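# Chain and residue survey
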Amino acid sequence: QVQLVESGGGSVQPGGSLTLSCATSGDTVDYYGIAWFRQAPGKERERVACISSRGNTEYAESGEGRFIITRDNVKNTVYLQKDSLKPDEAAVYYCAAPRLMAPFCWKIQAEYTRWGQGSQITVSE
């Protein structure tokens, strides 16, 4: 089993930056693609970035160029750096691992069955 714990959320002003961390443990996480999702109030949860076990990255179109996802397999941690934050990006951010190992990122949200507890990001003056 893979366990995930997010940290690094908080409050920032518009245009500010934050880095979220997702500490993983349990199964051999090196073999899993890890994704970041976010859910804003009243909206569906959406995938914003993913990094495969091979280090290939994928980003949601809305955040391309302002999200940077990286992983440190020695520390078993995946990071999501967010730059130029906008107020409508305030949400709870979750990292997630899929049910099955694969050398790629699963695109279907239902494939992600292990979730962290979530980390709140607030964007306001």
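### Points about the sheet that holds strand β3 (residues 18-26)
Strands sit in the order β1-β3-β8-β7 across an open sheet of 4 strands; the sheet is antiparallel. Taken across any chain shown, the strands that pair with only one partner, and hence form the sheet edges, are β1 (2-7) and β7 (67-72). This sheet shows a mean twist of 20 degrees between the axes of neighbouring strands, independent of strand direction. Bridge count between β3 and strand β8 (residues 77-82): 6 bridges; the pairing is antiparallel.

### Topic: the side chain of glutamate 6
Relative to the elements of secondary structure, glutamate 6 occurs in strand β1. Of the side chains with opposite charge, arginine 45 lies nearest to the buried glutamate 6, which makes no salt bridge, at 8.6 Å. Engagement of the side chain of glutamate 6 in a polar contact is seen with the backbone nitrogen of cysteine 95, the distance being 2.8 Å. Side-chain polar atoms of glutamate 6 contact the backbone nitrogen of glutamine 117, separated by 2.9 Å.

### Here's the deal with the packing of aromatic side chains
On inspection of all chains with the given rule, the structure shows 4 aromatic pairs. Geometrically, the ring pair formed by phenylalanine 37 and tyrosine 112 is edge-to-face, given 5.3 Å between the ring centres and 70 degrees between the ring planes. In this pair, phenylalanine 37 sits in strand β4 (residues 34-39) while tyrosine 112 sits in strand β10 (residues 112-115), placing the two residues 75 residues apart along the sequence. No difference in accessibility class separates phenylalanine 37 from tyrosine 112, as the two residues are buried. For the ring pair phenylalanine 104 and tryptophan 106, a centre distance of 5.0 Å and an interplane angle of 65 degrees mean the geometry is edge-to-face.

How each quantity is defined
Residues numbered from 1 in each chain as written. Predicted model: local features only at pLDDT ≥ 70, side-chain atom pairs only at ≥ 80, totals over all residues. Heavy atoms only, no water. Pairing = 2+ DSSP bridges. Helix = DSSP H or I, 4+ residues; strand = E, 2+ residues; numbered from the N terminus. Axes fitted to C-alpha atoms, helices over the stretch in contact; angles between N-to-C directions. Buried < 20%, exposed > 50% of the residue type's maximum accessible area, 1.4 Å probe, protein only. Lys, Arg positive; Asp, Glu negative; His and termini not counted. Salt bridge = Lys/Arg side-chain N within 4 Å of Asp/Glu carboxyl O. Polar contact = N/O pair within 3.5 Å; in protein donor to acceptor, adjacent residues only side chain to side chain. Phe/Tyr/Trp six-rings, centres within 6.5 Å; stacked < 30°, edge-to-face > 60°.

Just distances and angles here, no functional claims.
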